[in-house]
Amino acid sequence: MKKLIQLLTLTLFVCNVSLAQFGPPMGGGGDKGGNGGDGNGRNKGNNGPQSNMPNLEGNAPKGNSKITGYIIDSSATSAVEYANIALINKTTKKPVDGTMADEKGKFSLSKIAVGTYKLTISFIGFESKTIDDITIEKGKDIDLGVIKLTTLAKMLDGVTVSAEKSLIEEKVDRLVYNAEKDILAKGGDASDVLKKVPMLSVDLDGNVSLRGTTNIKVLINNKPSTIVASSIADALKMIPADLIKTVEVITSPSAKYDAEGSAGIINIITKKSSIEGLTLNIDSGVGLRASNLGLNGSYRHGKFGMTLGGFGRAFYNKANTTLDQTTNRNGVSQLTQQSADAYDNGLFGRYNLGFDYEISKKQTLNASIAFGTRNFERTQDFITKSFTNNTLNNTGFRNVDSKDLSNSIDVNVDYIHTFKPQQEWSVSTQYSKNILTNNFDANILNNTSEILNRQKNLNGNTNQEITIQTDYQTPIRQNQMFEVGLKTIQRQVDSDFQYQVAGRTGSYSSDARNPAGFLNYKQNISSGYVSYTYSTKSKYTFKVGTRYEQTTITANDQKGNIVIPEYGNLVPSINISKTFGTTTMKLAYNNRIQRPGLQQLNPNFNLANAQNISIGNPNLKPEITNNVELTMSKNINRTYLNFSIFGRVTNNSILRLSSPSDTLVGAIVTTFQNIGKQQTFGVNLFGNTFLNPKWSLNGGIDIFYTYLDGQTQNPNGTFSTINNSGIVVNGRLMTQYSFNKGWGIQAFGGFRGNQVLLQGMQTNTPMYSIGVKKDFVNKKGSIGLATENFFGGMKMTSTLESPIFNQVSVNNIYNQNVKLTFSYKIGNMKFVEKKSKSVKNDDVKGGEGN
């Protein structure tokens with residue numbers, strides 16, 4: 001607490017000194033900042049702002065009036081991002097000021113002198129618009145309200161050309177995938193969307209990796225959630241693809257973001273209502289593998305807005321797994337051959353209620369509450385054959401019913417005060433809680449399917465977070481931005497577990513071989529940051545910052561207190577960009593940390609598969625990672641290309657470590673240890689092109705070299721250093737074609753290359769899909785049909801090796817799918833601004849490991 005008070009005092013001192021020196025922004029001070037404070041110097045071209053600003057009259061008089069407004073697409077009722085605005089003096093007929101609309105379509109021109117003007121708005125793909133006879137009186141501001149631009153349609157070589165937003169866009173500090181344009185995603189979940197995002201890969205279990213590592217942070221609408229902290233893969237199943245607007249990939253976060261997420265941040269932005277009146281959206285789908293239904297309504301009038309929504313998804317799937325493993329102990333070779341058929345059933349839901357109120361023109365209050373539920377059940381039938389020195393000595397039959405259940409709640413209250421364009425102060429609060437149940441019931445059978453005995457594991461978990469943060473940002477003249485903030489997170493993880501056994505009949509009793517236990521784990525994080533952005537006339541942009549995080553942990557289990565020393569981390573970040581015409585170069589460095597997540601900490605001894613056991617480690621420490629990347633992006637007519645070179649070095653890496661069980665013959669136990677060092681160096685190349693006005697093609701390839709070193713167990717019980725390395729290649733390709741009368745078709749294909757593990761390798765198979773969609777005449781609804789993996793299921797093979805065991809496991813998932821989707825919008829809509837500020841906890845590692 002003492003260190004936090006010192007940090008607060010220092011931050012307020014820096015803030016006061018800075019404010020004393022800040023001058024007001026010069027004319028044309030539009031909101032250039034994006035999500036997370038982008039600053040200036042955005043990329044130009046087809047996938048970013050189209051800069052075509054006029055030469056301003058250098059000696060134009062200045063005043064104290066302001067002109068504001070919003071630019072929207074008349075056909076879609078959505079913002080026109082980065083539209084160019086020019087203010088022209090009607091007397092001199094010369095431009096006196098200009099700016100660019102922000103991502104909400106908002107623009108602001110300040111310090112306008114008394115006089116009569118006209119305003120021109122232009123953007124590629126839209127007809128230019130002029131607002132004439134704007135009279136400025138002394139001391140009076142003018143709000144032009146909503147200005148609608150009409151989509152430009154013209155004949156080019158006999159083909160109709162219309163404006164289309166690219167599926168992939170690049171901004172100053174992030175890559176944006178516009179999921180709402182993805183035909184194939186409808187009726188699926190968030191993992192179906194992330195498979196198509198450049199630089200990301202998703203395995204068959206839904207685990208997401210960025211540039212070869214799962215050490216990432218996933219945010220939902222810039223906010224964390226305890227459902228993500230518990231398991232990223234499970235959280236993605238709870239987010240319907242139909243509600244995702246964009247996916248942002250941030251590989252070099254600024255100091256404003258939490259320091260956690262070694263490889264970067266994935267921010268999932270859901271569709272939000274910015275419309276006046278009462279509306280209702282219906283999204284539904286029926287498929288062989290899953291069915292879904294979503295209803296989302298909104299009401300907005302004047303200063304008050306409310307949203308209410310719910311989504312449910314039921315799915316069914318089946319899988320087959322095989323396991324071959326050999327252990328060698330004391331000269332005895334134990335071979336295990338296992339096969340299992342699995343049947344999965346799941347029901348996921350997410351429900352939300354939100355309010356926002358405009359206290360005044362400069363103050364806004366937002367509040368929201370979201371409930372989530374996950375009911376995942378799996379039935380597995382195991383057949384296990386055990387051999388000792390190549391002689392079959394036992395055949396076992398085991399039937400297991402697993403339940404993975406959770407109920408979560410996220411409550412947010414946020415306040416934002418905007419003093420003038422780009423100058424704002426906000427306070428954000430969040431309470432998040434996730435209650436999880438991970439139980440299984442096992443029946444041990446004979447070869448005639450009669451029950452011999454029974455076993456049960458009861459494991460309850462709670463993950464809770466309370467977050468308070470405050471942020472302040474202000475411009476320094478027109479080309480500089482200063483940001484400062486403080487944050488505290490109080491996190492608590494509790495887990496209790498027990499095993500019970502019973503005979504063929506009768507009641508359960510405690511299992512003496514597996515005693516009950518618990519874990520109480522409290523983590524408090526206090527942090528503060530300072531960030532500064534400077535842009536030059538020669539189109540250089542520098543963004544530098546630093547963040548300090550102090551972490552204290554108290555923990556205990558059934559054995560007593562767990563001593564984990566407190567630690568502090570100073571994490572700098574540097575981003576430099578330079579624009580040459582339609583080419584932008586970027587150089588970035590940042591230092592990141594990765595704290596262990598619930599599944600890695602949970603000490604429950606999971607015996608659902610008695611031959612392949614997993615257990616967490618509450619003594620884990622955080623990882624420390626250094627990242628550097630160099631990126632070049634270029635627009636060539638209708639083609640956008642991006643090429644990146646990156647390097648990442650992680651010390652104290654949290655890695656999976658497998659070894660033979662000391663008590664269960666032939667079984668392998670997997671846990672997590674801070675025993676590794678990981679180095680990754682590689683390149684990303686992706687692009688987006690319009691082959692003609694109706695046909696687009698985009699794709700990318702990731703190639704990187706991964707080196708791991710750590711420790712493994714020897715036959716005599718000691719540990720020795722081992723290493724593993726390899727080249728990994730991931731790729732994806734997608735194409736879309738728009739026909740007349742609202743018809744469209746999309747096809748996707750991708751592959752996830754072999755993943756390098758410390759003790760082995762994991763292989764994957766390609767994935768593919770194709771779908772068609774028909775928009776209704778009024779564009780208020782659509783109907784679609786899609787299919788995926790129609791030639792067969794998907795296969796994932798994992799191979800582990802050490803001096804005392806070998807293991808090969810194969811997972812076949814039969815997830816061929818055909819789905820029919822339908823969506824419709826009801827309501828009288830009119831675009832309005834919706835201000836928001838939110839908590840961002842970027843800081844916990846998911847349970848899927850490497």
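For the structure, check the block above.
Per chain, residues are indexed from 1 in the order of the written sequence. Only residues with pLDDT of 70 or above have their local features reported here, since the model is predicted, and side-chain atom pairs are shown and tallied only from 80 upward, although totals for entire chains, interfaces and linings are computed over all residues. Water and hydrogen atoms were dropped before computing side-chain values, which therefore reflect all heavy atoms in the structure.

Details of the overall build of the protein chain
A run of DSSP states H or I qualifies as a helix once it reaches four residues; a run of E qualifies as a strand once it reaches two. Both are numbered from the N-terminal end. Secondary structure assignment for the protein chain yields five helices and 46 strands. In the protein chain, which comprises 850 residues, the share counted as buried stands at 55%. The contacts of the protein chain with a sequence gap of at least 6 include a subset with a gap of at least 24, amounting to 69%. Under the convention used here, a 1.4 Å probe and the Shrake-Rupley method define accessible areas, while residue burial counts only the protein chains that appear. Entry remark: accessible area of the protein chain is about 35,300 Å², with carbon and sulfur atoms responsible for 57%. Burial here depends on accessible area, computed with a 1.4 Å probe over protein chains only, as a share of the maximum for the residue type. Under 20% is buried, over 50% is exposed, and the range in between is partly exposed. In what follows, residue pairs with any heavy atoms lying within 4.5 Å of each other are defined as contacts.

Notes on the sheet that holds strand E4 (residues 94-100)
Two strands qualify as a pair provided that DSSP identifies no fewer than 2 bridges between them. Strand order in the open sheet made by the four strands is E4-E3-E6-E7, with antiparallel pairing throughout. Two strands bound the open sheet, and with one partner strand each, they are E4 and strand E7 (129-136). With strand direction ignored, the average angle separating the axes of adjacent strands in the sheet is 25°. One ladder, built from six bridges, connects strand E3 (residues 84-89) with strand E6 (residues 115-122); its direction is antiparallel. Among the inter-strand pairings, asparagine 84 is bridged to a residue of E6, identified as serine 122. Interaxial angle, 0 to 180 degrees, is taken between N-to-C directions of lines fitted to C-alpha atoms, where a helix line uses only the stretch in contact.

Digging into the environment of glycine 98
Among the secondary structure elements, glycine 98 is positioned in strand E4. Accessibility expressed as a relative area gives 11% for glycine 98, which makes it buried. Taking C-alpha positions, glycine 98 is 9.9 Å from serine 110, a pair spaced twelve residues apart along the chain.

Focus on the packing of aromatic side chains
Centre distance within 6.5 Å is the pairing criterion for rings of Phe, Tyr and Trp, where only the six-membered ring of Trp is used; planes under 30 degrees apart are then read as stacked, over 60 as edge-to-face, and the remainder as tilted. Evaluated as defined, the whole model comprises 15 aromatic pairs. Look at phenylalanine 304 and phenylalanine 355: their rings are 6.1 Å apart centre to centre, the planes differ by 40°, and that puts the pair in the tilted class. Separated by 51 residues along the polypeptide, phenylalanine 304 in strand E20 (residues 304-329) and phenylalanine 355 in strand E21 (residues 332-360) bring together distant segments of the chain. With a relative accessible area of 32%, phenylalanine 304 lands in the partly exposed category. On the basis of relative accessibility, which here comes to 35%, the residue phenylalanine 355 falls in the partly exposed class. Following the ring pairs from residue to residue traces out a cluster consisting of Phe315, Phe348 and Phe376. Put simply, a charge is over a ring when the Lys NZ or the Arg CZ is close to the ring centre, within 6 Å, and near the line of the ring normal, within 35 degrees. Lysine 318 extends its terminal NZ or CZ atom over the ring of tyrosine 814, reaching a point 5.9 Å from the ring centre.

Notes on a negative patch on the surface
The grouping of Asp341, Glu377, Asp381 and Asp401 at the surface amounts to a negative patch. In this structure, aspartate 401 sits in strand E23 (residues 391-420). We classify aspartate 401 as partly exposed; its relative accessible area is 34%. Patches here: salt-bridge-free residues with over 30% relative accessible area, like charges joined within 9 Å, nonpolar side chains (Val, Leu, Ile, Met, Phe, Trp, Tyr) joined within 5 Å. For this document, the term salt bridge refers to a Lys or Arg side-chain nitrogen within 4 Å of an Asp or Glu carboxyl oxygen. For the purpose of charge, His is not counted, nor are the chain termini; Lys and Arg are scored as positive and Asp and Glu as negative. Here the site of a charge means NZ on Lys, CZ on Arg, CG on Asp, or CD on Glu.

What about the side chain of arginine 350?
Mapped onto the elements, arginine 350 comes out in strand E21. Residue classification places arginine 350 among the buried residues on the basis of a relative accessible area of 16%.

Let's talk about the pattern of salt bridges
According to the stated counting rule, one finds 20 salt bridges in the structure shown. Between aspartate 441 and lysine 456 there is a salt bridge, with the nearest N and O atoms lying 4.0 Å from each other. Of this pair, aspartate 441 sits in strand E24 (residues 423-445) while lysine 456 sits in strand E25 (residues 451-476), placing them 15 residues apart in sequence. Classification of aspartate 441 as partly exposed rests on a relative accessible area of 32%.

Quick look at the nonpolar core
Here is a general trend for soluble globular proteins: nonpolar side chains tend to be buried in one another's company. To form a nonpolar core, buried Ala, Val, Leu, Ile, Met, Phe, Trp, Tyr and Cys residues must be joined to one another through side-chain atoms within 4.5 Å. Counting residues in each nonpolar core, the largest one holds 33 residues, and the members touching the most others are Tyr177, Leu194, Ile266 and Ile268. Of all the elements in the fold, those that place two or more residues in this core are strand E12 (174-177), helix H2 (190-194), strand E13 (200-202), strand E14 (208-210), strand E15 (216-220), helix H4 (232-237), strand E16 (244-250) and strand E17 (264-270). Beyond its immediate chain neighbours, meaning those up to four positions away, leucine 194 contacts Leu200, Val202, Val208, Leu236, Val247, Ile266 and Ile268. Leu87, Ala113, Ile134 and Ile147 belong to the second largest nonpolar core, which has 22 residues in total.

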